[in-house]
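In case you want the letters, here they are:
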Amino acid sequence: MTTCTADSLSTEDFDFLAKLVLDRSAIVLEPSKSYLVESRLNPVAREHGLDSISELAETLRKPNQRKLAEAVVDAMTTNETSFYRDIHPFDLLRTKLLPELIEKRSNEKRLTIWSNACSSGQEIYSIAMMIREHFPQLAGWDVRLRATDLSSEILERAENGIFNQTEVNRGLPMQLLMKYFHRDGVHWRINDDIRSMVRFDSVNLIENWPLTLMSVDVVFLRNVLIYFTPDTKREILAKVRQRIREDGILFLGGSENTMNLTDEFERTQVDRTVYYRPV
Ligand SMILES: C[S@@+](CC[C@H](N)C(=O)[O-])C[C@H]1O[C@@H](n2cnc3c(N)ncnc32)[C@H](O)[C@@H]1O
């Protein structure tokens, strides 16, 4: 048996686990990431009473291991996020894009904003707080703030709205912390009036998307396409195109773009902010 590292993860097990993660989430794990697989899956093995990653892989090769496979995928997702991450999209949304959309939707009085691959929820809660702070005219509108992710564990955290000190220190202005959060032991919990503005759902980008996510005005799809192959990125962008309104807005992450992937979106840049509009 060949090994990826000196003492534990074999090439066969790495390949097997990488394929399992790819099939279930589209996340690509290169062999150079074997250290990451080891460091993240050793705790999963222990939690499930297994002595090693090789035992974990052996168990996963048996039928009916859905829960264990989900735990493996959950562990291999990168959940890095923060409040008002890369601030520019939020600033442009506040100063230009949302006021324009509100004007356009003044008859129907309905607005849907979707944070896709939302991780622990900071992105959508940032938008919810922005709406509360700056758009009192939306009171009485049907404002749908939707947030979805593949990982059930991270969605549960997002829905609870509980953050540690380090998380609230990242990007959240003190004034918003004081106004919209309260202490919960050593943590901070977002107030119910903000939490209840958001609906969280489990959506795997490579599986069927709920029919309730149609005619979306603003889609945040940031820092997730980077994990996928170009073909998967193309498929996902094509699905977003079907779900976004003709005059809707798409935000990608700072290192992501639509180049060589689709010509169904037009890149627009305002100062330092890039966003995409359906063509
Ligand atoms: C780095 S976080 C990005 C969080 C947030 N969008 C941001 O930019 O701050 C990536 C998220 O993508 C999610 N993810 C990975 N593969 C996914 C898939 N196939 N379907 C849905 N979400 C996925 C992970 O669970 C993780 O929470």
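Rules used in this analysis
- Residues numbered from 1 in each chain as written.
- Predicted model: local features only at pLDDT ≥ 70, side-chain atom pairs only at ≥ 80, totals over all residues.
- Heavy atoms only, no water.
- Near = heavy atom within 4 Å.
- Polar contact = N/O pair within 3.5 Å; in protein donor to acceptor, adjacent residues only side chain to side chain.
- Areas by Shrake-Rupley, 256 points an atom, 1.4 Å probe, with all protein chains shown as cover.
- Nonpolar A, V, L, I, M, F, W, Y, C, P; charged D, E, K, R; others polar.
- Domains from an automatic or database assignment.
- Contact = heavy atoms within 4.5 Å.
- Buried area = accessible area lost by both parts, 1.4 Å probe.
- Salt bridge = Lys/Arg side-chain N within 4 Å of Asp/Glu carboxyl O.
- Helix = DSSP H or I, 4+ residues; strand = E, 2+ residues; numbered from the N terminus.
- Buried < 20%, exposed > 50% of the residue type's maximum accessible area, 1.4 Å probe, protein only.
- Pairing = 2+ DSSP bridges.
- Right-handed = clockwise from strand over helix to strand, strands pointing away.
- Lys, Arg positive; Asp, Glu negative; His and termini not counted.
- Core = buried A, V, L, I, M, F, W, Y, C linked by side-chain atoms within 4.5 Å.

(A) How the structure looks around the site of the ligand. Taken together, the neighbourhood of the ligand is formed by 23 residues, with Ser25, Thr81, Arg85, Asp149 and Asn223 sitting nearest. Within the side chain of Asn79, a nitrogen or oxygen atom sits 2.9 Å from an oxygen atom of the ligand. Between the ligand and Ala117 there is a distance of 2.9 Å, counted from a nitrogen atom to a backbone nitrogen or oxygen. When the ligand sits alone it has 610 Å² of accessible area, and the protein chains cover 99% of it. Of the residues in the shell around the ligand, the class split is 8 nonpolar, 10 polar and 5 charged.

(B) How the structure looks around the domain arrangement of the protein. In terms of domain boundaries, the protein breaks down into domain 1 (11–76) and domain 2 (88–278). Averaged C-alpha coordinates put domain 1 and domain 2 at centres separated by 30 Å. With 9 residues of domain 1 in contact, the opposing surface of domain 2 contributes 10 residues. Taking both sides of the interface into account, the surface hidden between domain 1 and domain 2 amounts to around 700 Å²; carbon and sulfur atoms contribute 57%. Summed over the three residues of domain 1 that lose the most area to domain 2, namely Ala26, Val28 and Asp74, the buried surface amounts to 55% of that side. Counting every contact that joins domain 1 to domain 2 gives 0 salt bridges. Inspection of the domain 1/domain 2 interface yields 4 residue pairs in polar contact (both at pLDDT 80 or more). By residue number, the principal contributor to the side of domain 1 that touches domain 2 is helix H1 (residues 11–25), which donates 4 residues.

(C) Layout of the pairing of strand E1 (residues 110–116). The buried fraction of E1 amounts to 6 of the 7 residues, a majority that puts the element mostly inside the structure. Across 7 bridges, the pairing between E1 and strand E2 (residues 142–149) is parallel. Within E2, the position partnered with Thr112 by the bridge is Arg144. This β-α-β element, E1 to helix H6 (residues 122–134) to E2, shows right-handed connectivity.

(D) Just the side chain of Arg243, in detail. Mapped onto the elements, Arg243 comes out in helix H11 (residues 230–243). Within the buried core, Arg243 has no salt-bridge partner, and the shortest N-O distance to an opposite charge, that of Asp201, equals 11 Å. Dropping the residues within four chain positions of it, Arg243 is found in contact with Trp114, Trp209, Pro210, Leu211, Leu213, Met214, Ser215 and Val216.

(E) How the structure looks around the nonpolar core. Core analysis: the biggest nonpolar cluster contains 46 residues, and Leu41, Leu56, Leu221 and Leu250 have the highest contact counts within it. Secondary structure elements with two or more residues in this core: H1, helix H2 (34–47), helix H3 (53–60), helix H4 (66–76), strand E7 (216–221), H11 and strand E8 (244–252). Of all the elements, H4 adds the most residues to this core, at 7 residues. No fewer than three residues from each of domain 1 (11–76) and domain 2 (88–278) sit in this core.

(F) Spatial organisation of H4. With 8 of 11 residues buried, H4 is to be regarded as a mostly interior element. Restricting attention to buried positions, one finds in H4 the residues Leu68, Ala69, Ala71, Val72, Val73, Asp74, Ala75 and Met76. Contacts made by the buried residues of H4 are with H1, H2, H3 and helix H7 (152–160).

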